[in-house]
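# A look at the structure
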Amino acid sequence: MIEYDELARGPTEGAIDLSHNTWRTLPPELNDFSATLLHLSMSNNQLSSIPEAIGNLILLQSLDVSLNRIEHIDGAIGKCIRLRRLNASKNRLEALPPDIGRCILLEEVDASDNLLKFLPEEMLSLIVVTKIDVRNNDRLTSIPTALCRLPTLAQLLCEGTPQLTSAPENMRGDTKLLLFCLEMQQKFKDVLEPMEARHEELRTRSDRLQDELSQARRQVQTLERDVADLEWERPDGYILWKGRFVGTHG
């Protein structure tokens, strides 16, 4: 078969192209090239997931798995710490794995035309990323506002995301406007979050004081009962009651 011929030849200048075939999973033979494989293309196949085995390809610099049926990317992709380009567009992904943040050399992430609902906060670790493409994810509701502080991010593409609340629709097609909008939101969060933390701290202290007050009230009630018992047991009280008893029965 043609696809196995490509595998048998091994990497050509560090690359293997298995695109436009019928692969349903990563071929285990790829492990044989873990020391030489730099670029892997498996676009336009029938992949339903990127399994844990992807973590064996530790020298991988680019991965193209576009035009498949992928619903899940295993977190082991975080072991591909030399990965620079990831193309997972035109799949069925609902989320990107948080471990993607470990691929700190990533420069381009294309997750357009999927079913993403959010982007993981761990993407803030991608300190050299220049392009993030999440266009045409019509379930996407939020992206991390702190993306605006990634120093190299030049393209943040979000068109075709009608449920995105992070930016008005007329800003989603302009990276500069979008990043400006995110920056304003992030500054607001920078002010608000410490205040919310302080409010939570005060509420916790208030709850603790209320518990201490309730406990003190119970202790006071106990002491009042003890005092009442002592009043009853005082000698003059005893003598008074004895005298009454003797007088009544004498």
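Everything that follows concerns the structure shown earlier in this document.
Residues numbered from 1 in each chain as written. Predicted model: local features only at pLDDT ≥ 70, side-chain atom pairs only at ≥ 80, totals over all residues. Heavy atoms only, no water.

What follows covers the overall build of the protein chain. Summing up its helical and strand segments, the protein chain has three helices and nine strands in all. Scanning the protein chain from its N terminus toward the C terminus, one meets helices and strands in the order α-β-β-β-β-β-β-β-β-β-α-α. Residue burial in the protein chain is summarised as follows: out of 250 residues, 35% are buried. Here the analysis covers contacts within the protein chain between residues at least 6 apart in sequence; of these, 31% occur between residues at least 24 apart. Accessible surface for the protein chain amounts to roughly 14,800 Å². Of this, 54% is attributable to carbon and sulfur atoms. (Helix = DSSP H or I, 4+ residues; strand = E, 2+ residues; numbered from the N terminus. Buried < 20%, exposed > 50% of the residue type's maximum accessible area, 1.4 Å probe, protein only. Contact = heavy atoms within 4.5 Å. Areas by Shrake-Rupley, 256 points an atom, 1.4 Å probe, with all protein chains shown as cover.)

Its location among the elements puts Ser 142 in the loop between β8 (131-133) and β9 (155-157). Note on Ser 142: relative accessible area 30%, which makes it partly exposed.

Here we come to the side chain of Asp 110. If you trace the backbone, Asp 110 turns up in strand β7 (residues 108-110). The side chain of Asp 110 sits in the buried core without any salt bridge; Lys 131 is the nearest counter-charge, 5.4 Å away. In terms of polar contacts, Asp 110 uses its side chain to reach the side chain of Ser 112, at 2.7 Å. Dropping the residues within four chain positions of it, Asp 110 is found in contact with Leu 86, Asn 87, Ala 88, Ser 89 and Asp 133. (Lys, Arg positive; Asp, Glu negative; His and termini not counted. Salt bridge = Lys/Arg side-chain N within 4 Å of Asp/Glu carboxyl O. Polar contact = N/O pair within 3.5 Å; in protein donor to acceptor, adjacent residues only side chain to side chain.)

Let us look at the side chain of Ser 66. Structurally, the position occupied by Ser 66 is in the loop between β4 (62-64) and β5 (72-73). Residue Ser 66 is classed as buried on the basis of its relative accessible area of 6%. A distance of 2.7 Å separates polar atoms of two side chains, one belonging to Ser 66 and the other to Asp 64.

So, about the sheet that holds β9. Spatially, β1-β2-β4-β6-β7-β8-β9 is the arrangement adopted by the seven strands of the open sheet, whose pairing is parallel. Each edge of the open sheet is held by one strand with a lone partner, namely β1 (15-17) and β9. Each strand axis lies, on average, 5 degrees off the axis of its neighbour in the sheet, ignoring direction. By the bridge criterion, three bridges tie strand β6 (residues 85-87) to β7 in an arrangement that is parallel. Bridge assignment links Leu 86 to a residue of β7, and that residue is Val 109. (Pairing = 2+ DSSP bridges. Axes fitted to C-alpha atoms, helices over the stretch in contact; angles between N-to-C directions.)

Applying the stated criterion across every chain yields a total of one cavity of 30 Å³ or more. By volume, the largest cavity is sized at about 30 Å³. Residue lining of the largest cavity: Leu 26, Pro 27, Pro 28, Leu 30, Asn 31, Ala 53 and Leu 57, and that is the complete set. For the lining of the largest cavity, the class distribution of residues is six nonpolar, one polar and no charged. (1 Å grid on protein atoms, 1.4 Å probe; cavity = no way out; pocket = protein on both sides within 12 Å on 5 of 7 lines; lining within 4 Å. Points joined across faces, edges and corners; volume = space filled by probe spheres on them. Nonpolar A, V, L, I, M, F, W, Y, C, P; charged D, E, K, R; others polar.)

Turning our eyes to something else, we now look at the environment of Gln 186. Within the secondary structure layout, Gln 186 lies in helix α2 (residues 175-233). For the pair Gln 186 and Cys 148, spaced 38 residues apart in sequence, the C-alpha separation works out to 8.2 Å. In this structure, Gln 186 is in contact with Thr 145, Ala 146, Cys 148 and Arg 149, ignoring residues within four places of it in sequence.

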